[in-house]
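Results of the structural survey
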Amino acid sequence: QISCIFFFNDTATTEIYTEQIVGSVRCVQETDIRVLEKYYRKIYVARVSELLNVPKEEVEVEICEMINIGLIFAKIDRVSGIISFRKLQNENERLNEWIFDVNKLLDIVDKTCNLISRDNEMLKVK
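About the cut-offs
- All residue numbers refer to positions counted from 1 along the written sequence of the respective chain.
- Local features are withheld for residues below a pLDDT of 70 in this predicted model, meaning they are given only at 70 or higher, and side-chain atom pairs are given and counted only at 80 or more; totals for whole chains, interfaces and linings count all residues.
- In computing side-chain properties, one takes all heavy atoms of the structure into account and sets aside hydrogens as well as water.
- Helical segments are the DSSP runs of H or I of at least four residues, strand segments are the runs of E of at least two, and each set is numbered from the N terminus.
- In this scheme, a residue with accessible area under 20% of its type's maximum is buried, one over 50% is exposed, and one in between is partly exposed, where area comes from a 1.4 Å probe on protein chains only.
- Note on areas: Shrake-Rupley with a 1.4 Å probe; residue coverage comes only from the protein chains shown.
- Here, nonpolar core refers to any group of buried Ala, Val, Leu, Ile, Met, Phe, Trp, Tyr and Cys residues whose side-chain atoms link them within 4.5 Å.
- Residues are treated as being in contact if the distance between any of their heavy atoms lies within 4.5 Å.
- As a per-residue measure, pLDDT reflects the predictor's confidence and takes values from 0 up to 100.
- Only residues whose relative accessible area exceeds 30% and that form no salt bridge enter a patch; like-charged residues are grouped when within 9 Å of one another, and nonpolar side chains (Val, Leu, Ile, Met, Phe, Trp, Tyr) when within 5 Å.
- By convention in these notes, a salt bridge is any Lys or Arg side-chain nitrogen within 4 Å of a carboxyl oxygen on Asp or Glu.

1. A word on the overall build of the protein chain
Scanning the protein chain from N- to C-terminus turns up four helices and three strands. The linear arrangement of helices and strands in the protein chain, starting from the amino end, is α-β-α-α-β-β-α. When each of the 126 residues of the protein chain is scored for burial, the buried share is 15%. Approximately 10,600 Å² of the protein chain is accessible, and the part contributed by carbon and sulfur atoms is 56%.

Right, dumping it as structure tokens:
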């Protein structure tokens, strides 16, 4: 909640300033959420609420609006209360990551085959 005291006789002027303050606070929250997206892969809604000093419901609404606009990419698991941020990858990045994982797996299989063949050699010698 924002509590400000304005000393204006005109209620329209007071409403304009209140809207500007609310808009500024919202911009700051959006920036903070974008920073969280950079530094966290997964974070609890309660923790975001605590960091932003905003109720959990507002955090969810704000993140949903940012997702719809396309400012961030995130998924909210409301049952467990976890927000998952994920960087969008193009096809080349995904393919490179997949190739790296396959090469890593093949290295493990190759090492395992070498160990098995070495054990078989040792058994034959005995």
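2. A closer look at the nonpolar core
By size, the foremost hydrophobic cluster in this structure holds 14 residues, and its most contacted members are Val48, Val59, Ile72 and Ile83. Broken down by secondary-structure element, the contributors of at least two residues to this core are α1 (11-39), α2 (45-52), α3 (56-69) and β3 (82-85). Aside from chain neighbours lying at most four places away, what touches valine 59 is Val45, Val48, Ser49, Val54 and Ile83.

3. Considerations on the confidence of the model for the protein chain
The pLDDT averaged across the protein chain works out to 80; a share of 77% of its residues lies at or above 70. Note that residues 1-8 has pLDDT below 50 and, in this model, 11 contacts with residues that lie over four places away or in other chains.

4. Looking at a nonpolar patch on the surface
On the surface, a nonpolar cluster with roughly 420 Å² of combined accessible area is contributed by Val35, Tyr39, Tyr40 and Leu51. By secondary structure assignment, the location of valine 35 is in helix α1. Given a relative accessible area of 40%, valine 35 falls into the partly exposed group.

5. Topic: the pattern of salt bridges
Per the stated rule, a full pass over the model turns up two salt bridges. In this structure, arginine 47 engages glutamate 50 in a salt bridge whose closest nitrogen and oxygen atoms are separated by 2.8 Å. You can see arginine 47 and its partner glutamate 50 sitting in helix α2, three residues apart, about one turn around the helix. Note on arginine 47: relative accessible area 35%, which makes it partly exposed. Relative accessible area serves as the criterion here: at 55%, glutamate 50 is assigned to the exposed category.

6. Considering unusual backbone geometry
Look at asparagine 53: it is not a glycine, yet its phi comes out positive at around 60 degrees. Note that asparagine 53 resides in the loop between α2 and α3.

7. Some points on the environment of isoleucine 72
Its location among the elements puts isoleucine 72 in the loop between α3 and β2 (74-77). When the C-alpha positions of isoleucine 72 and isoleucine 33 are compared, they lie 8.7 Å apart, and in sequence the two are 39 residues distant. Sequence-distant contacts of isoleucine 72, that is, excluding residues within four places in its chain, are made with Ile33, Arg34, Glu37, Ile63, Met66, Ile67 and Phe85.

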